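Here's the letter readout for the chains.
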Amino acid sequence: SVRLKWSGEFHQKNATVDFHSFSALWRESFSRDRRLTLYGYWLPSYYLRQLYDEDVPSPGPNYRRAEFGLAIGSVAWRQRIARKTRAEIGYQYEHRDYNPDFVERTSSTHQGEFRVERYRMASRGTLDVFGGYRVSNAKGVDADGIADDPDVSYHGPVAGLGWRMELARGKSWRLGADFGYELEARAYDSNLPSD
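Rules of the game
- Residues numbered from 1 in each chain as written.
- Predicted model: local features only at pLDDT ≥ 70, side-chain atom pairs only at ≥ 80, totals over all residues.
- Heavy atoms only, no water.
- Helix = DSSP H or I, 4+ residues; strand = E, 2+ residues; numbered from the N terminus.
- Rg over C-alpha atoms; globule rule 2.2 N^0.38 Å.
- Areas by Shrake-Rupley, 256 points an atom, 1.4 Å probe, with all protein chains shown as cover.
- Lys, Arg positive; Asp, Glu negative; His and termini not counted.
- Charge placed at Lys NZ, Arg CZ, Asp CG, Glu CD.
- Contact = heavy atoms within 4.5 Å.
- Polar contact = N/O pair within 3.5 Å; in protein donor to acceptor, adjacent residues only side chain to side chain.
- pLDDT = per-residue confidence, 0-100.
- Salt bridge = Lys/Arg side-chain N within 4 Å of Asp/Glu carboxyl O.
- Buried < 20%, exposed > 50% of the residue type's maximum accessible area, 1.4 Å probe, protein only.
- 1 Å grid on protein atoms, 1.4 Å probe; cavity = no way out; pocket = protein on both sides within 12 Å on 5 of 7 lines; lining within 4 Å.
- Points joined across faces, edges and corners; volume = space filled by probe spheres on them.
- Nonpolar A, V, L, I, M, F, W, Y, C, P; charged D, E, K, R; others polar.
- Core = buried A, V, L, I, M, F, W, Y, C linked by side-chain atoms within 4.5 Å.
- Phe/Tyr/Trp six-rings, centres within 6.5 Å; stacked < 30°, edge-to-face > 60°.
- Lys NZ or Arg CZ within 6 Å of the ring centre and 35° of its normal.
- Pairing = 2+ DSSP bridges.

A. Structural view of the overall build of the chain. When helices and strands are tallied, the chain shows zero helices and ten strands. Taking 16 Å as the expected radius of gyration for a compact globule of 195 residues, we find that the chain reaches 21 Å, considerably beyond that expectation. When the accessible surface of the chain is totalled, it reaches about 12,700 Å², and 56% of it is carbon and sulfur. Each charge class in the chain was averaged separately, 28 positive and 27 negative side chains, and the resulting centres sit 18 Å apart.

In structure tokens, the structure reads:
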């Protein structure tokens, strides 16, 4: 299956926060409940907020508009490992490209993940558990080449737990509920005294 998607937000009174994004998904299913998924996402420009810029000489305004473009690519392989259990292993790459005033925040992020899903349990429920590791490497230096800018590089584990359940079903409708909890821990890598 192939899915192409465009979405956007347009604000009547504050166009500075308008944005749009594109995504593409290709999912190929094989026998014995095996599946390959490729995904891509692109957000050309997203306004974050006004950030303090220490490179602006005083007495000028020290806050500048911070925005970034975001590109994400991922690949995942899923297969059945028992009669009611599936496992999935995946990798995701993310590139965040900030505007020239905050180029030191530009980063590349790698995330590996392993997921186990137990399905068709009582009440047509599905239990989903995952864990992984995430590493983000930020540029940490802007155009002046001096290492005095914030370094937002980090690494750490990610984990989550989810539960989906079908409560009722008719010929043309279904009623369900789901619950999820995700946890991410970050250890920042900067050795700069200012950080």
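B. The environment of T37, seen in detail. Within the secondary structure, T37 is located in strand 3 (residues 34-52). Separated by 41 residues in sequence, T37 and R78 have C-alpha atoms that sit 8.4 Å apart. With sequence-adjacent residues up to four places away left out, T37 is seen in contact with L25, W26, R27, S74, V75 and A76. At 3.4 Å, the side chain of T37 and the side chain of R27 are in polar contact.

C. Local environment of the confidence of the model for the chain. For the chain, the average pLDDT comes to 88, and 93% of its residues sit at 70 or higher. When pLDDT is averaged over each helix and strand of the chain, the minimum, 90, is found for strand 10 (residues 187-188) and the maximum, 96, for strand 2 (residues 19-30).

D. Main features of the environment of L192. Structurally, L192 can be placed in the segment after strand 10. For the pair formed by L192 and D151, sequence separation is 41 residues and the distance between their alpha carbons is 7.8 Å.

E. The pattern of salt bridges, seen in detail. For the coordinates displayed, the defined rule picks out 14 salt bridges. Across the pair E94 and R96 runs a salt bridge whose closest N-O atoms are separated by 2.8 Å. Relative accessible area serves as the criterion here: at 23%, R96 is assigned to the partly exposed category. In this structure, a network of salt bridges that share partners links the residues D33, R78, R86, E117 and R164.

F. Local environment of the layout of surface pockets. Here the largest pocket is characterised by a volume of approximately 420 Å³. Lining the largest pocket we find 18 residues, and of these S74, A76, E88, Q92 and E113 sit closest to its centre. Every element with two or more residues in the lining of the largest pocket is listed here: strand 2, strand 3, strand 4 (63-82), strand 5 (85-98) and strand 6 (107-118). Take the lining of the largest pocket: its biggest share by element is five residues, from strand 5. Grouping the amino acids of the lining of the largest pocket by side-chain chemistry returns six nonpolar, five polar and seven charged.

G. Broad picture of the nonpolar core. Among the nonpolar cores identified, the biggest contains nine residues, and these are F19, L43, L51, A66, F68, L70, I72, Y98 and F102. Elements represented by at least two residues in this core include exactly strand 3 and strand 4. For this core, the element with the highest residue contribution is strand 4, accounting for four residues. In contact with Y98, not counting residues within four places along its chain, are L48, E67, F68, V103, R105 and T106.

H. Region of the structure containing the packing of aromatic side chains. Inspection of every chain in the model, using the stated rule, returns seven aromatic pairs. For the pair F19 and Y46, a centre-to-centre distance of 5.3 Å together with 75° between the ring planes defines the contact as edge-to-face. Taken together, the residues span a long stretch of sequence, with F19 in strand 2 and Y46 in strand 3 at a distance of 27 residues. One aromatic cluster in this structure is built from F19, Y46, F68 and Y98. Looking at R96, its charged tip hangs above the ring of F68, at a distance of 4.8 Å from the centre.

I. How the structure looks around the pairing of strand 7 (residues 125-138). Inspection of the sheet shows strand 6 paired to strand 7 by twelve bridges, in the antiparallel sense. Looking at the pairing, R118 lines up with L127 of strand 7. Sheet topology places strand 7 next to strand 8 (residues 154-169); twelve bridges connect them, and they run antiparallel. If you follow G131 over to strand 8, its bridge partner there is A159.

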